[in-house]
Amino acid sequence: MAAMRTLTVAGLFLAFCALGLIAIAISTDNWYETDARRHRERCKNYSNKRNDPGYIYISNNNLPLRMLPKERNVERRGEMLLRAKRHFLPPAPAMESLCSRQYNSTITGLWRKCHREGFDLETEDLIFKGLVPRCTPIKYYYSSSVLPRNLPINLTKTIRQDEWHALHLQRMTASFIGMAISIILFGWIIGVLGCCKEHDLMQYVAGLLFLMGGTCCIISLCTCVAGINFELSRYPRYMFGIPEDISHGYGWSMFCAWGGLGLTLLAGFLCTLAPSLYPPHTPVVHKPRQENGCV
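Residues numbered from 1 in each chain as written. Predicted model: local features only at pLDDT ≥ 70, side-chain atom pairs only at ≥ 80, totals over all residues. Heavy atoms only, no water.

**Student:** Any details on the overall build of the chain? Residues and values, ideally.
**Tutor:** A tally of regular secondary structure across the chain gives 9 helices and 5 strands. Secondary structure elements in the chain, listed N-terminal to C-terminal, are α-β-α-α-α-β-β-α-β-α-α-α-β-α. Here the chain holds 295 residues, and 34% of them are scored as buried. Residue pairs in contact within the chain that sit at least 24 positions apart in sequence constitute 79% of those at least 6 positions apart. In the structure as shown, the chain presents an accessible area of about 19700 Å², 62% of it carried by carbon and sulfur atoms. (Helix = DSSP H or I, 4+ residues; strand = E, 2+ residues; numbered from the N terminus. Buried < 20%, exposed > 50% of the residue type's maximum accessible area, 1.4 Å probe, protein only. Contact = heavy atoms within 4.5 Å. Areas by Shrake-Rupley, 256 points an atom, 1.4 Å probe, with all protein chains shown as cover.)

The structure is reproduced here in structure tokens:
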């Protein structure tokens, strides 16, 4: 009896902690983060090169190379150094195309996308003046983006279809995480009532609801990851891709959601296991009294 109550109380406590973690994840914006400081500094250095009439800018990749010895090891080493140089120093047309778009350091949540505070001084100045909003809401309805007019028709149709697909993934993420927290809350209430009344069936139902809420949370998180990967792989890359010098990744809100998922599944396991520790109910059978002369 004591072990059953201990498992039930532990499961309800874990479910309460899971509710807190998932609620924190839903209400915060640190699901996905980008840091564009290195990219902006690189573009700023490229734009600040000398452009006076008496100066001719020549890229290092266009300079003549000195003949290397014909040994195999030296040739391989020279090729590796040349490739590394070309990798870290892209040509001028590539830098111009990368720097033509403005990339900002942002954080993205389920409901809005915000500029990271203290990362871009120019953006902070515009936000302070009221010219640029700190956060923009994420739209859960379809609104076509503005595209260049010189794009082919097939490419335009592909972009529109990708927008619908990305919107569908966003809706699935938000809807399933909402269903998860609602089911977990309902299961926690039933579990508390079952623990107070010592009703094993209510506790078992609470455990099943916790497992169901964890399943919805799994679907939501997997859909969120799929949506982020889909946005990064959209075509054409020069419009939707991210340069290599921009660091990006998942934030602490995403890890709170995954932590809440783990606690929810553990709480469901404990609450479904607790009723099995109840002592078996053996009904008392009253034997009929034997009267004189009757067997």
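Having seen it, we continue.
**Student:** Can you break down the packing of aromatic side chains residue by residue, with the values?
**Tutor:** The geometry of an aromatic ring pair comes down to the distance between the two centres and the angle between the two planes. Inspection of the entire model under this criterion finds 4 aromatic pairs. When the ring of Phe 16 is compared with that of Trp 188, the centres are 5.7 Å apart and the planes differ by 40°; the resulting orientation is tilted. Linking Phe 16 in helix 1 (residues 2–27) with Trp 188 in helix 6 (residues 153–197), this pair joins segments that are 172 residues apart in sequence. Both rings, one in Tyr 142 and one in Trp 164, keep their centres 4.4 Å apart while their planes meet at 10°; by these two values the pair is stacked. Pair noted here: Tyr 142 is in the loop between strand 4 (135–137) and helix 6 and Trp 164 is in helix 6, with a separation of 22 residues, a long-range link. Among the residues examined, Tyr 142 registers a relative accessible area of 27% and is labelled partly exposed. Judged by its relative accessible area of 47%, Trp 164 falls in the partly exposed class. (Phe/Tyr/Trp six-rings, centres within 6.5 Å; stacked < 30°, edge-to-face > 60°.)

**Student:** Before we move on, can you summarise the state of the cysteines with the specific residues and values?
**Tutor:** Counted under the stated rule, the structure contains 1 disulfide. Counting only cysteine sulfurs, Cys 217 is the nearest neighbor of Cys 222, a cysteine outside any disulfide, at a range of 9.3 Å. (Disulfide = S-S within 2.5 Å.)

**Student:** Requested: an account of the nonpolar core, with residues and values cited.
**Tutor:** Ile 22, Trp 31, Ile 177, Phe 210, Cys 217 and Leu 221 are the most contacted members of the largest nonpolar core, which has 31 residues in total. When residues of this core are traced back to their parent elements, those giving at least two are helix 1, helix 6, helix 7 (200–232) and helix 9 (252–273). With 8 residues, helix 7 is the single largest residue contributor to this core. If sequence neighbours within four positions are ignored, Ile 22 has contacts with Ile 177, Ile 181, Ile 184, Cys 217, Gly 260 and Thr 264. Formed by 6 residues, the second largest nonpolar core is a distinct cluster that contains Leu 147, Leu 151, Leu 155 and Phe 240. (Core = buried A, V, L, I, M, F, W, Y, C linked by side-chain atoms within 4.5 Å.)

**Student:** Can you lay out the sheet that holds strand 1 (residues 32–35) for me, pointing to particular residues and giving the numbers?
**Tutor:** Paired through backbone hydrogen bonds, the strands of a sheet run either parallel or antiparallel to each other. Overall, antiparallel pairing links the 5 strands, which are arranged 4-3-2-1-5 in an open sheet. The open sheet is flanked by strand 4 and strand 5 (247–250), the only strands paired with a single partner. Strand after strand, the sheet turns through a mean of 15° between neighbouring axes, direction not considered. Both strand 1 and strand 2 (residues 106–108) contribute to a ladder of 2 bridges, which runs antiparallel. Looking at strand 2, one finds that Glu 33 is bridged to Ile 107. (Pairing = 2+ DSSP bridges. Axes fitted to C-alpha atoms, helices over the stretch in contact; angles between N-to-C directions.)

**Student:** I'd like a description of the pattern of salt bridges, backed by residues and values.
**Tutor:** This structure, assessed with the given rule, holds 7 salt bridges. As a salt-bridge pair, Glu 124 and Arg 134 come within 2.9 Å of each other at their nearest N and O atoms. In this pair, Glu 124 is assigned in helix 5 (residues 121–129) and Arg 134 in the loop between helix 5 and strand 4, connecting sequence segments 10 residues apart. (Salt bridge = Lys/Arg side-chain N within 4 Å of Asp/Glu carboxyl O.)

**Student:** Report on the side chain of Asp 162, specifying residues and quantitative values.
**Tutor:** Counting through the fold element by element, Asp 162 comes out in helix 6. Buried and without a salt bridge, Asp 162 has Arg 234 as its closest oppositely charged side chain, separated by 4.3 Å. Contacts of Asp 162, omitting those with residues within four sequence positions, involve Phe 230, Arg 234 and Tyr 235. (Lys, Arg positive; Asp, Glu negative; His and termini not counted.)

**Student:** Outline the packing of helix 1 against helix 9, supporting the account with residue identities and numerical values.
**Tutor:** Running from N to C, helix 1 and helix 9 point in directions that differ by 160°, and their axes come no closer than 7 Å. Classed by the angle they form, the pair helix 1 and helix 9 counts as roughly antiparallel. Crossing angle aside, the handedness with which helix 1 passes helix 9 is left-handed. (Parallel < 35°, antiparallel > 145°, perpendicular 65-115°, else oblique. Left-handed = near helix turned anticlockwise from the far one by under 90°.)

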